[in-house]
Amino acid sequence: MVRKTLSLLCKTLLTYSIVGFLILPAAIHFTAYKLAPNYLTVPLQIGGVTFNPFTLRLDLQAIQLGSDTTSPVAGFHNLTVDLSWSSIRQKALVLDDINLVEPIVRAELRADGTINFASLLKPSAETAPPSKDEDSGGEPIPVAVHHLGIQKGAVSFIDFANTEAGEPFRLTLNPINLEAEQLTWPNSHGDLSLNMRLNNSGDLNVSNQIRDGLDTQTQIILHDISLTDIQPYLTPYLYSVIESGTLSGTAHLGWSPEKQLSANSDITLNKLKVTDSRNGTLVASWNNLTTNGLSFSQRENKLAIKELTLNKPATRVVLDQHLSINLAGLVKVPDNAAKPEEDVAPTSETAATPMEIAIQKFSIIGGALDFSDKSFKPGFAAPITDLNGEVEGFNSRSSQATSITLLGTVDTYSPVNITARLTPVKPLKNTDLSLSFKDIELTTLTPYSGRFAGYSIRKGRMDIALDYGIQNGQLNAENHITLRDLTLGDKVAGESATSLPLKLAIALLKDRHGRIRVDLPVTGDLDNPQFQLGSVIRMAVVNFITNIVAAPFDMLASLVSGDAGKMSAFALQPGSNQLTTHQQATIQSLAQALNERPQLDIEIEPTASTVSDAPILIQQQLQQTVNSRYHQYLKKQGSKQKESQPIPDSVMVQLLAELATEKGLKVPDQTIPALTEALVQSWPMPELALRKLAISRAHSIKQAIIQKGVEPSRVYVLGVELKQSVSGENVFLHLQGR
């Protein structure tokens, strides 16, 4: 009996061994070759199959899928699967070990959107879904894998569908190494460690822990992931090329039903350089962008960054002839681009709460901005370098103010200081902004001065202090501008040049130290869509200059608390060139003001009136003629009476009557007043005397101004003008700028 039992056991063991070691591997090999053509469109290559029925180890060697044995679509060098005998006891599929060596996958997304693996399978007839009776509805069989390993794996992926022709996206993962322990299903559990190299340049390491199928903890480490690899995805949409740049960092991800997705990470983007694909010019670059303490919470809908540091950023901003910014022009617009749909107001069903974004500190170190304006000829350029600053306390939901501080240098030597406090949620409710520019070389602004003022700038520097306050949408701004040693150059043809006399305005504003101080207040309603700050400032500048040049003596008089009317016109007595005491005091104030504005020249307009000055001059000429005839009369009479003595009335009547008779006048009333009036009315207009009077008046004023300390070269006497108005005795003064 024992012998029979042992014989039966031996035969059974022998049969089991033959089936396990020989028949089962051959059956697997034969079945695979036999059935593969029914399902696959490409050949299946199997190098070998072994099975150990005692250890339950299945070993597959040299599996390849594809007709090209040197470049198969998929395959592996060796796959070992160890089935555990405990599967029987546990009523589950228990695998002690799965080990995959040198797996390879070559995936390709074609231009038509299909993947190459889809063409590997032959189409099959559709089958009806299983009926309720056929569906067992039982519990799934549990699966447990004690160890899973992948060594030296390789995956390549090519995307032709989402890129431009001739520039597909290529991704190579090689080598891929994976180690996993204690994997279970459906009650997910396990530890996983994955590391791989991307496109022969960067490394990706992932470690993952799954507990109770619901709680997952993952750590991701990135090292030198090349950003240039994503260029094919950018080319269809942007005129930009990523010349260089790498991504490094660590991230800790967690997920649970209570907390949902959460993340904590530190990320660095190094050596980024982006250029314009059309001309190769720089778009943007930086040495590194470092994010420290980045955290995300799906449950709180919040992204928080403890510190964000941008080191040595640089960018170019160009305004072209169409007033378009180069950065906006980097986006490609398709020829068949559809018109944008009208905005639809969000409903309670579609509206979502915006994510809260909080940045505790954002720092810029050693930045550079190259700005140029090519909207006109010859154009303008102003580089900003050494840009350093901080933004603190930014929160997209908080009502707390965010502080901004920026320091930089314009055109190498001119410092810039910008400070601001604003509420990101409602910036128009409460914002304070201050900008300070010092020692800006005005010659840099020559292109703008030529365009809008019609003059080049030969010399000068400028300081600007801008203080802008916004309260509930109402803007109150102060623009403080100081110009030093401003000197205009040649007149140029400007496209939008003003016709205002700028040289006069500059001379009125520039003090004896060469400084021009201008304060321009600006107010407005920022909630009004018609309000444009640039237009308002330009209008304020034009109005300021217009008011000055329209009443230049008002500006001059304000310097010495004088009277602009008395400074610009001197009312002298008819026929006189003498200045009164009050007029001498006015000239003293005028000279003092002129010394405060050394670029102003004074022009004196000599005037005399044919209405008020001429009768006085005629009476003077008539008296001279009568005196001359009286002298002759005394000689004839042999009288020794002195000429300085008054002329007797009888002799005066005789002399006046003789003159009237000579002029053919008939004067019935032979009296001194009547004869004098008749002679004055008939006397020719004394233009020469009037001109002499006008010139003597101008020289009297010029001499008085010079005596008060004004350089003679700054005082000009204009040509004589005879006027027929009573105001002709007013001598008018004019101002001109040099």
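This structure is a prediction, so every number in the text was calculated from the model and none was measured.

About the criteria used
Residues numbered from 1 in each chain as written. Predicted model: local features only at pLDDT ≥ 70, side-chain atom pairs only at ≥ 80, totals over all residues. Heavy atoms only, no water. Core = buried A, V, L, I, M, F, W, Y, C linked by side-chain atoms within 4.5 Å. Buried < 20%, exposed > 50% of the residue type's maximum accessible area, 1.4 Å probe, protein only. Contact = heavy atoms within 4.5 Å. Salt bridge = Lys/Arg side-chain N within 4 Å of Asp/Glu carboxyl O. Pairing = 2+ DSSP bridges. Helix = DSSP H or I, 4+ residues; strand = E, 2+ residues; numbered from the N terminus. Polar contact = N/O pair within 3.5 Å; in protein donor to acceptor, adjacent residues only side chain to side chain. Axes fitted to C-alpha atoms, helices over the stretch in contact; angles between N-to-C directions. Parallel < 35°, antiparallel > 145°, perpendicular 65-115°, else oblique. Left-handed = near helix turned anticlockwise from the far one by under 90°. Nonpolar A, V, L, I, M, F, W, Y, C, P; charged D, E, K, R; others polar. Expected span 1.5 Å × (residues − 1). Arc of directions from axis to C-beta. Phe/Tyr/Trp six-rings, centres within 6.5 Å; stacked < 30°, edge-to-face > 60°.

**Focus: the nonpolar core**
Next, step 1: Among the nonpolar cores identified, the biggest contains 60 residues, and Phe 553, Leu 594, Ile 705, Leu 733 and Leu 735 are the most heavily contacted of them.
Next, step 2: With residues near it in sequence (within four places) discarded, Ile 705 still touches Ile 587, Leu 590, Ala 591, Leu 594, Ile 604, Val 710, Val 715 and Leu 733.
Next, step 3: Core analysis: the second largest hydrophobic core is formed by 18 residues, Leu 622, Leu 634, Ala 657 and Val 680 among them.

**Notes on the pattern of salt bridges**
Next, step 1: Under the criterion given, the structure shown has 15 salt bridges.
Next, step 2: Arg 197 is the salt-bridge partner of Asp 203, the closest N and O atoms lying 2.8 Å from each other.
Next, step 3: With relative accessibility at 28%, the residue Arg 197 sits in the partly exposed group.
Next, step 4: Among the charged side chains, a network of salt bridges with common partners joins Asp 439, Asp 463 and Arg 484.

**Some details on the pairing of strand E19 (residues 414-422)**
Next, step 1: With 9 bridges connecting them, strand E18 (residues 402-410) and E19 associate as antiparallel partners. Within E19, the position partnered with Ser 403 by the bridge is Arg 421.
Next, step 2: Counting the residues in the hairpin turn of E18 and E19 gives 3 residues, including Asp 411, whose phi is positive at 55°.
Next, step 3: Pairing between E19 and strand E20 (residues 430-441): 7 bridges, direction antiparallel. Its bridge partner being in E20, Ile 418 is matched across the sheet by Leu 435.

**Re the side chain of Asp 463**
Next, step 1: Of note, Asp 463 is situated in strand E21 (residues 455-471).
Next, step 2: Of the polar contacts made by the side chain of Asp 463, one reaches the backbone nitrogen of Asp 439; its length is 2.8 Å.
Next, step 3: Ignoring sequence-local partners within four residues, the contact set of Asp 463 consists of Phe 437, Lys 438, Asp 439, His 480, Ile 481, Thr 482 and Arg 484.

**Looking at the side chain of Thr 268**
Next, step 1: Relative to the helices and strands, Thr 268 resides in strand E12 (residues 260-276).
Next, step 2: Not counting chain neighbours up to four residues away, the residues in contact with Thr 268 comprise Thr 246, Leu 247, Ser 248, Asn 288, Leu 289 and Thr 290.

**Comments concerning the packing of helix H10 (residues 613-637) against helix H11 (residues 649-662)**
Next, step 1: At a minimum axis distance of 10 Å, the contact between H10 and H11 shows a crossing angle of 110°. Classed by the angle they form, the pair H10 and H11 counts as roughly perpendicular. The handedness of the crossing between H10 and H11 is right-handed. Contact residues: H10 offers Leu 622, Thr 625, Val 626, Arg 629, Tyr 630 and Tyr 633, while H11 offers Val 651, Met 652, Gln 654, Leu 655, Leu 656, Glu 658, Leu 659 and Glu 662.
Next, step 2: Grouping the amino acids of the contact of H10 with H11 by side-chain chemistry returns 9 nonpolar, 2 polar and 3 charged.

**A short note on the environment of Gln 209**
Next, step 1: Within the secondary structure, Gln 209 sits in strand E9 (residues 202-211).
Next, step 2: Taking the C-alpha atoms as reference points, Gln 209 and Ala 180, separated by 29 residues in sequence, lie 9.7 Å from one another.
Next, step 3: Each residue touching Gln 209, except ones within four places of it in the same chain, is listed here: Gly 190, Asp 191, Asp 215, Thr 216 and Gln 217.

**What to know about helix H6 (residues 533-550)**
Next, step 1: With 18 residues, H6 should cover 26 Å at 1.5 Å per step; its first-to-last C-alpha distance of 25 Å lies within 8% of that length.
Next, step 2: Looking at H6, one finds that the buried residues are Ala 540, Ile 545, Ile 548 and Val 549. Down the axis of H6, the buried set is contained in an arc of 155°. They therefore lie on one face. Away from the buried face of H6 by more than 90 degrees, exposed residues Asn 547 and Ala 550 are located.
Next, step 3: Buried residues in H6 make contact with helix H5 (502-509), strand E23 (515-525) and helix H7 (552-560).

**Structural notes on the packing of helix H9 (residues 581-596) against helix H13 (residues 687-707)**
Next, step 1: Between H9 and H13, the least distance of the axes is 9 Å, while the angle of their chain directions is 55°. Considered as vectors, H9 and H13 are oriented oblique to each other. Here the hand of the crossing between H9 and H13 comes out right-handed. Mapping the contact onto sequence places Gln 584, Ile 587, Leu 590, Ala 591 and Leu 594 in H9 and Ile 701, Ala 704 and Ile 705 in H13.
Next, step 2: Of the residues in the contact of H9 with H13, the class split is 7 nonpolar, 1 polar and no charged.

**Side note on H13**
Next, step 1: Between the first and last C-alpha of H13 there are 30 Å, a value that for 21 residues agrees with the 30 Å anticipated at 1.5 Å per step.
Next, step 2: Turning to H13, its buried residues number three or more, namely Ala 689, Leu 690, Leu 693, Ala 694, Arg 697, Ala 698, Ile 701, Ala 704 and Ile 705.
Next, step 3: After H13 finishes, the residue Gly 709 shows a positive phi value of roughly 105°.

**Observations concerning the packing of aromatic side chains**
Next, step 1: Summed over all chains, the structure comprises 4 aromatic pairs.
Next, step 2: With 5.9 Å between their ring centres and 45° between their planes, Phe 21 and Phe 54 make a pair best called tilted. Of this pair, Phe 21 sits in helix H1 (residues 2-39) while Phe 54 sits in the loop between strand E1 (44-52) and strand E2 (57-65), and the two are 33 residues apart along the sequence.
Next, step 3: Accessibility expressed as a relative area gives 39% for Phe 54, which makes it partly exposed.

**Overview of the sheet that holds strand E27 (residues 715-717)**
Next, step 1: Spatially, the 4 strands line up as an open sheet ordered E24-E29-E25-E27, and their pairing is mixed. Of all the strands in the sheet, the pair left with one neighbour each is strand E24 (569-571) and E27. Across the sheet, the mean angle from the axis of one strand to that of its neighbour is 20°, orientation sign disregarded.
Next, step 2: Sheet topology places strand E25 (residues 600-605) next to strand E29 (residues 730-737); 6 bridges connect them, and they run antiparallel. Opposite Glu 603, over in E29, you have His 734 as the bridge partner.
Next, step 3: Across the sheet, H5 touches E25 and E29, and the angle it forms with E29 is around 95°.
Next, step 4: On top of the sheet, H7 reaches E25 and E29; it is set at about 85° to E29, its chief contact.

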